[in-house]
Amino acid sequence: MKQPQELEQPEELEASGELEAPEPVDLGVLLRALRRRADLSQRGLAERSGVPQATLARIEVGRVADPRFRTVERLVRAAGGRLAIGAPDAHGPDGPPDDVVAVPGVPHDGMRDEAGRRYPAHLDVWEVHDPRDWPGAWWAEWYKLPPERFPRPVPAATYELGRRYRDQRRWADRVRREVAVRQVTDDGLPSTCWRFVAELPDGRVLGELRAHERSPRLLYGDLVEAGEREIVLDGVLVTGACRRLGIGRRLVEALTAEMDRRGLCAAHAVADFGGVDLLLACGYRLEASRPYALRLDRSPSRRVV
């Protein structure tokens, strides 16, 4: 008769690698990430939490090895975070999901200024490759000068102090990440009509492209050398707040990819102002001929007697 096996002790499990000790939390990195998410400077978080700024600074650089729990709680809550203490899988596989999510880290935490200091966590920091990347050179437009005539050296990195501009930059980055382009095929359109939309995950439409197929042989007979079908681009519309985010280009590129998939080689478009630059950037070329501008006016004073 087999004897029942003895239960292993936790120490033996840990030694065998079956029970792993949790990794310690880097409180300084976590607080910097929370400050960035809340767009708070050290001074701002200190004022909200009631914790001295000097204490917060020492915690973030790792000079306080074991801060008081009450201090940590005040800092985390003031930065909009939550403290969760519990056991893993406390609800079981069928229980409610945990609504506490990890905070993204500070993307520029590895960057240092000329004095070797980290940049403020709540700001957006980016590398400066030429003066156009540095807002300090915009107002005087001295980036147009040759490098030997620059009034001062170009810094290795820069950041934006204005809250409004930071919010706009982060909102634009989020839109670029989340917007998706798809072709609409189920809204009753004829098979020769093409429609593409750029939308966010919640269904909000930020841009739209419409085009249609035509047969050049039906228009011109055998007078032109052309394929059986070609595309006419009717229009590309992008909501005003989202212009200059690359959405129009993604719509045109989606049209081009669908043309390649269907074997269509030619597309035509009429554009003005910024639309010309958009299409040129997407591979279109200017033609020698110019179309006439036509208008239909049905007002009584303009009717021909």
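Parameters at a glance
Residues numbered from 1 in each chain as written. Predicted model: local features only at pLDDT ≥ 70, side-chain atom pairs only at ≥ 80, totals over all residues. Heavy atoms only, no water. Helix = DSSP H or I, 4+ residues; strand = E, 2+ residues; numbered from the N terminus. Contact = heavy atoms within 4.5 Å. Areas by Shrake-Rupley, 256 points an atom, 1.4 Å probe, with all protein chains shown as cover. Patch = residues over 30% accessible without salt bridge, like charges linked within 9 Å, V, L, I, M, F, W, Y side chains within 5 Å. Salt bridge = Lys/Arg side-chain N within 4 Å of Asp/Glu carboxyl O. Phe/Tyr/Trp six-rings, centres within 6.5 Å; stacked < 30°, edge-to-face > 60°. Buried < 20%, exposed > 50% of the residue type's maximum accessible area, 1.4 Å probe, protein only. Lys NZ or Arg CZ within 6 Å of the ring centre and 35° of its normal. Pairing = 2+ DSSP bridges. Expected span 1.5 Å × (residues − 1). Polar contact = N/O pair within 3.5 Å; in protein donor to acceptor, adjacent residues only side chain to side chain. Axes fitted to C-alpha atoms, helices over the stretch in contact; angles between N-to-C directions. Parallel < 35°, antiparallel > 145°, perpendicular 65-115°, else oblique. Left-handed = near helix turned anticlockwise from the far one by under 90°. Nonpolar A, V, L, I, M, F, W, Y, C, P; charged D, E, K, R; others polar. Core = buried A, V, L, I, M, F, W, Y, C linked by side-chain atoms within 4.5 Å.

Turning next to the overall build of the protein chain. Per the secondary structure count, the protein chain includes 9 helices and 7 strands. Looking at the protein chain alone, contacts between residues at least 24 apart form 51% of all its contacts between residues at least 6 apart. In the structure as shown, the protein chain presents an accessible area of about 22,700 Å², 51% of it carried by carbon and sulfur atoms.

Further remarks concern a nonpolar patch on the surface. Taken together, the side chains of Phe69, Leu83 and Ile85 define a hydrophobic patch exposed on the protein surface, amounting to about 330 Å² of accessible area. Mapped onto the fold, phenylalanine 69 is located in helix α5 (residues 69-78).

Turning to the packing of aromatic side chains, a few remarks are in order. Here the distance between the centres and the angle between the planes together describe a pair of aromatic rings. What the rule picks out here adds up to 1 aromatic pair. Ring centres 6.0 Å apart and planes at 65 degrees place the aromatic pair tyrosine 119 and tyrosine 159 in the edge-to-face group. Of this pair, tyrosine 119 sits in the loop between α5 and β1 (125-127) while tyrosine 159 sits in strand β2 (residues 157-159), placing them 40 residues apart in sequence. Look at tyrosine 119 and you get buried, because its relative accessible area is 8%. Sitting above the plane of the tyrosine 165 ring, arginine 164 keeps its charged end 4.6 Å from the centroid. The side chain of arginine 169 reaches across the aromatic face of tryptophan 126, ending 4.1 Å from its centre.

Here we come to the pairing of strand β5 (residues 205-214). Summarising the sheet, strand β4 (residues 193-199) and β5 pair through 7 bridges and their orientation is antiparallel. By the bridge assignment for β5, phenylalanine 196 is matched with leucine 209. In this antiparallel pair of consecutive strands, β4 and β5, the connection spans 5 residues, and glycine 203 shows a positive phi of 95 degrees.

It is worth spelling out helix α2 (residues 27-38) at this point. Over its 12 residues, α2 runs 16 Å from end to end, which matches the ideal 16 Å to within 8%, given 1.5 Å per residue. Those residues of α2 that fall on the buried side of the exposure criterion are Leu27, Gly28, Leu31, Arg32, Ala33, Leu34, Arg35 and Arg36. Next to the buried residues of α2 lie α3 (42-49), α4 (53-60), α5 and α6 (163-178). Near the N-terminus of α2, the side chain that reaches the backbone nitrogen of glycine 28, with its oxygen 3.2 Å away, is that of aspartate 26. Residue aspartate 39 follows α2 closely and has a positive phi angle near 55 degrees.

Here we take up the packing of α3 against α5. Contact pair α3 / α5: the axes reach a minimum separation of 9 Å and the direction vectors enclose 115 degrees. Considered as vectors, α3 and α5 are oriented roughly perpendicular to each other. The chirality of how α3 crosses α5 is right-handed. Two secondary-structure elements touch here, α3 through Leu45, Arg48 and Ser49 and α5 through Arg74, Leu75 and Ala78. Split by residue class, the contact of α3 with α5 holds 3 nonpolar, 1 polar and 2 charged.

Let's shift gears to the sheet that holds β5. With mixed pairing, the 5 strands of this open sheet are ordered in space as β3-β4-β5-β6-β7. Where the open sheet ends on each side, the last strands, each with one partner, are β3 (180-183) and β7 (267-268). Lying over the sheet, helix α8 (residues 247-262) contacts β3, β4, β5, β6 (230-238) and β7, oriented at roughly 140 degrees with respect to β4.

Attention now moves to the nonpolar core. Soluble, globular proteins show a tendency: their nonpolar side chains are buried together. Grouped together as the largest cluster of nonpolar side chains are 25 residues, with contacts concentrated most on Trp194, Leu209, Ile247 and Leu255. Looking at this core, the elements that each hand over two or more residues are α6, β4, β5, β6 and α8. Every residue in contact with leucine 209, bar those within four places of it in the chain, is listed here: Trp194, Arg195, Phe196, Leu233, Gly235, Val236, Leu251, Val252 and Leu255. Grouped together as the second largest cluster of nonpolar side chains are 13 residues, Val51, Ile59, Val72 and Leu75 included.

Note on placement: aspartate 130 falls in the loop between β1 and β2. Each C-alpha atom, one on aspartate 130 and one on alanine 156, is 9.4 Å from the other, the two residues being 26 residues apart in sequence.

Another aspect to go through is the pairing of β4. Burial analysis of β4 places 6 of its 7 residues in the buried class, which makes it a mostly covered element. Of the strand pairs in this sheet, β3 and β4 are connected by 4 bridges, and their pairing is antiparallel. For glutamine 183, the partnering residue across the bridge sits in β4 and is phenylalanine 196.

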